[in-house]
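Structural overview
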Amino acid sequence: MPGVQVTKTQWLNFGGADSLVSLLGRKILIVDEVDDSRKTLVYAVAELLKDIRTQEIQAGMQPGESNTEIGIFVVYNKEKPKAEELPEAIMRNYYPAATTPDRWLFFPWDCTTDISVHTELSK
Ligand SMILES: O=P(O)(O)OC[C@H]1O[C@H](OP(=O)(O)OP(=O)(O)O)[C@H](O)[C@@H]1O
Ligand SMILES: Nc1nc2[nH]cnc2c(=O)[nH]1
């Protein structure tokens, strides 16, 4: 059910001791199709920051010392009071392609029938 609770079902193996991918010093862009309550983005940023901190410790650095930057791109940002807020430093790199009123957006992949039915309905 949307807007209730974020559940982590998949994640990239960034933080693990066996990870081959270094996040340190990178500019990382999180991409999502819609920012609604903002809970998903806040959760994703928190998880990513945990991985960055883990790698910093593994590299013998202090937290934040790697100057790794996180940015966000969303196709739609719903203009509404958000349930959760992102850190200011991340909002400086927050890029919505479009801002929309607080309405439910119906994406092609939400379609339960054949995509051609969706195309007809959209005409
Ligand atoms: O700002 P929020 O209120 O958190 O909503 C935004 C999230 O909702 C949608 O995911 P959804 O929960 O439908 O999961 P899914 O994309 O994995 O189906 C969308 O992909 C965003 O990640
Ligand atoms: N499909 C869809 N998923 C969402 N998740 C949060 N808001 C929305 C929305 O407007 N449409």
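Just above, that's the structure.
Residues numbered from 1 in each chain as written. Chains lettered and ligands numbered in written order. Predicted model: local features only at pLDDT ≥ 70, side-chain atom pairs only at ≥ 80, totals over all residues. Heavy atoms only, no water.

**Side note on the site of ligand 2**
The line we're drawing: Residues are counted as near a molecule or strand when any one of their heavy atoms sits within 4 Å of it. The definition of a polar contact used here is a pair of N or O atoms within 3.5 Å, where within protein one atom must be able to donate a hydrogen and the other to accept one, and adjacent residues in sequence count solely through side-chain atom pairs. Every accessible area reported is derived by Shrake-Rupley at a probe size of 1.4 Å, with residue values counting cover from the shown protein chains alone.
Residues in close proximity to ligand 2 include Val34, Asp36, Lys78, Arg103, Trp104, Leu105, Phe107 and Asp110, which together make up its full environment. The contact in question runs from a nitrogen atom of ligand 2 to an N or O atom on the backbone of leucine 105, over 2.7 Å. Here a nitrogen atom of ligand 2 and a side-chain polar atom of aspartate 110 are 2.8 Å apart. Here ligand 2 loses 82% of its free accessible area of 280 Å² to cover by the protein chains.

**Here's the deal with the sheet that holds strand S3 (residues 94-100)**
Formally: Between any two strands, pairing holds if DSSP finds at least two bridges. Helix numbers and strand numbers start at the N terminus; a helix is a DSSP run of H or I with at least 4 residues, a strand a run of E with at least 2. To obtain an axis, a line is fitted to C-alpha atoms, over the contacting stretch when the element is a helix, and the angle between two such axes runs from 0 to 180 degrees between their N-to-C directions. We call two residues contacting when some pair of their heavy atoms lies within 4.5 Å.
Spatially, the three strands line up as an open sheet ordered S1-S2-S3, and their pairing is parallel. Every interior strand has two partners, whereas the edge strands, strand S1 (27-35) and S3, have only one. The sheet shows a mean angle of 10 degrees between the axes of neighbouring strands, direction not considered. Bridge count between strand S2 (residues 69-78) and S3: six bridges; the pairing is parallel. In the strand pairing of S3, valine 74 is matched with proline 96. The strands touched by helix H1 (residues 39-58) are S1, S2 and S3; relative to S1, the strand with the most contacts, the crossing angle is about 160 degrees.

**A look at the site of ligand 1**
Test applied: Residue polarity is assigned by list, with Asp, Glu, Lys and Arg as charged and Ala, Val, Leu, Ile, Met, Phe, Trp, Tyr, Cys and Pro as nonpolar; anything else, Gly included, falls into the polar class.
In the region of ligand 1, the neighbouring residues are Asp32, Glu33, Val34, Asp35, Asp36, Ser37, Arg38, Lys39 and Thr40. Contacts to ligand 1 include serine 37, whose side-chain N or O atom sits 2.6 Å from an oxygen atom. Between ligand 1 and arginine 38 there is a distance of 2.9 Å, counted from an oxygen atom to a backbone nitrogen or oxygen. Relative to its free-state accessible area of 500 Å², ligand 1 is covered by the protein chains to the extent of 55%. Within the residue set of the shell around ligand 1, elements represented by two or more residues are S1 and H1. With four residues, S1 is the largest single contributor of residues to the shell around ligand 1. Of the residues in the shell around ligand 1, the class split is one nonpolar, two polar and six charged.

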